[in-house]
Amino acid sequence: MRIATFNINGMNARLPALLQWLEEEQPDVACLQELKTPHEKFPELAIEAAGYGAIWHGQKSWNGVAILQRGAKPQELKVGLPGDEEDLQSRYIEALVDGVVVACLYLPNGNPAPGPKFDYKLKWMERLIIRGQELIDSGVPAVLAGDFNVMPHDIDVYKPERWLTDALFRPESREAFHRLVAQGWTDSVRAMHPDEVIYTFWDYFRNAFGRNAGIRIDHLLLSPSLAPSLRGAGVHTNVRAREKPSDHAPTWIELDWKGA
DNA sequence: ATGACTGATGGAATCAGA
């Protein structure tokens, strides 16, 4: 079972690139973020024609998340991260796929920090930590996949000294991320490649991709019940090198999982 | 450190991203 996460930065602007990637890689599950489209403008027919069923939570202009499943429609479990009924941003959707709970998330950026956006990020992370503990306690095989907007360690940043005051790398953000992982989650890409410099995002500015001035912020965290099934992980950096790319690259894992 | 790029909205200039 192959699961990928891909911040596509505009579902409709990125549709040709998305379809090409789906055709090439045929992931069993694809978690998408930053749809940037209202619910009714999601290109459901094009996704179906590519062989995928989909559930999604759209929003005008910003945010938006989707889960695609090859050959079937994902069984929807949750839309929206629990814990704040006043939070209307489309950043969390959860489905059951072949016995695995797949949570697709788009964690808030949080800049500028400090400030209200950073406060929102940290509060959102506390809600995610609560949901993470519920999933761990249930014992269900689960993956938290998405754009976490956090670089866990220095090795995950091109120039860590330049990011110390940024919301993606501030101590508060990293501490909350590590507290989530400490519940028992496995950072699958890092687990498979402990010492390798791996990035999932490169700024559009200043030829960042050409200089490999990147950061690793897209993650797939595996529950203790699923981590022993991990067989491979990586980033499709070739997708970032194409014409009209997202600023993120698809990040993937391979699981030895037969379904439940 | 900043914002040189990009997408969405709306039909120009602004917001947001990370």
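Residues numbered from 1 in each chain as written. Chains lettered and ligands numbered in written order. Predicted model: local features only at pLDDT ≥ 70, side-chain atom pairs only at ≥ 80, totals over all residues. Heavy atoms only, no water.

Caption draft 1: Spotlight on the nonpolar core. By size, the foremost hydrophobic cluster in this structure holds 32 residues, and its most contacted members are Val-143 and Leu-255. At the level of elements, strand S2 (29-33), strand S4 (65-70), strand S6 (92-97), strand S7 (100-106), strand S8 (142-147), strand S12 (218-222), strand S13 (230-235) and strand S14 (251-255) are the ones that each hand at least two residues to this core. Once residues within four sequence positions are removed from consideration, Val-143 is found in contact with Ile-3, Val-100, Val-101, Val-102, Ala-103, Leu-220, Leu-221, Leu-222 and Leu-226. (Core = buried A, V, L, I, M, F, W, Y, C linked by side-chain atoms within 4.5 Å. Buried < 20%, exposed > 50% of the residue type's maximum accessible area, 1.4 Å probe, protein only. Helix = DSSP H or I, 4+ residues; strand = E, 2+ residues; numbered from the N terminus. Contact = heavy atoms within 4.5 Å.)

Caption draft 2: Up close: the protein's contact with DNA strand B. Around DNA strand B, the structure places 28 residues, and the nearest of them are Glu-34, Asn-109, Phe-205, Arg-206 and Ile-215. Sugar plus phosphate, as a fraction of atoms of DNA strand B within 4 Å of the protein: 66%. Within the side chain of Asn-149, an N or O atom sits 3.1 Å from a phosphate oxygen of DNA strand B. Between DNA strand B and the protein, one listed contact pairs a phosphate oxygen with a side-chain N or O atom of Lys-244 at 3.0 Å. (Near = heavy atom within 4 Å. Polar contact = N/O pair within 3.5 Å; in protein donor to acceptor, adjacent residues only side chain to side chain.)

Caption draft 3: Representation of the pattern of salt bridges in the model. Applying the stated criterion to the full structure yields 14 salt bridges. A salt bridge links Arg-2 to Glu-254, with the nearest nitrogen and oxygen atoms 3.9 Å apart. Taken together, the residues span a long stretch of sequence, with Arg-2 in strand S1 (residues 2-7) and Glu-254 in strand S14 at a distance of 252 residues. For Arg-2, a relative accessible area of 27% puts it in the partly exposed group. Note that Arg-231 is salt-bridged to Asp-256, the shortest N-O span being 3.4 Å. One end of the pair, Arg-231, is in strand S13; the other, Asp-256, is in the segment after S14, and 25 residues separate them in sequence. (Salt bridge = Lys/Arg side-chain N within 4 Å of Asp/Glu carboxyl O.)

Caption draft 4: Structural view of the packing of aromatic side chains. Scanning all chains against the criterion turns up four aromatic pairs. Pairing Phe-6 with Trp-21 gives two aromatic rings, centres 5.3 Å apart and planes at 70°, and the pair type is edge-to-face. Remark: Trp-21 occurs in helix H1 (residues 15-25) and Phe-6 occurs in strand S1; sequence separation between them is 15 residues. In this structure Trp-21 comes out as buried when scored by relative accessible area, which is 0%. Taking 5.7 Å as the distance between ring centres and 90° as the angle between the ring planes, the aromatic pair formed by Phe-148 and Phe-177 counts as edge-to-face. One end of the pair, Phe-148, is in the loop between S8 and helix H4 (171-181); the other, Phe-177, is in helix H4, and 29 residues separate them in sequence. For Phe-177, a relative accessible area of 2% corresponds to the buried category. (Phe/Tyr/Trp six-rings, centres within 6.5 Å; stacked < 30°, edge-to-face > 60°.)

Caption draft 5: Examining helix H3 (residues 116-138) more closely. Spanning 23 residues, H3 covers 33 Å between terminal C-alpha atoms, matching the ideal 33 Å at 1.5 Å per step. For H3, every residue scored as buried is listed here: Phe-118, Tyr-120, Lys-121, Trp-124, Met-125, Arg-127, Leu-128, Ile-129, Arg-131, Gly-132, Leu-135 and Ile-136. One or two steps after H3, the chain reaches Gly-139, where phi turns positive at roughly 80°. (Expected span 1.5 Å × (residues − 1).)

Caption draft 6: Seen up close, the environment of Leu-96. Residue position: Leu-96 is located in strand S6. Given a relative accessible area of 27%, Leu-96 falls into the partly exposed group. Once residues within four sequence positions are removed from consideration, Leu-96 is found in contact with Gln-75, Leu-77 and Val-101.

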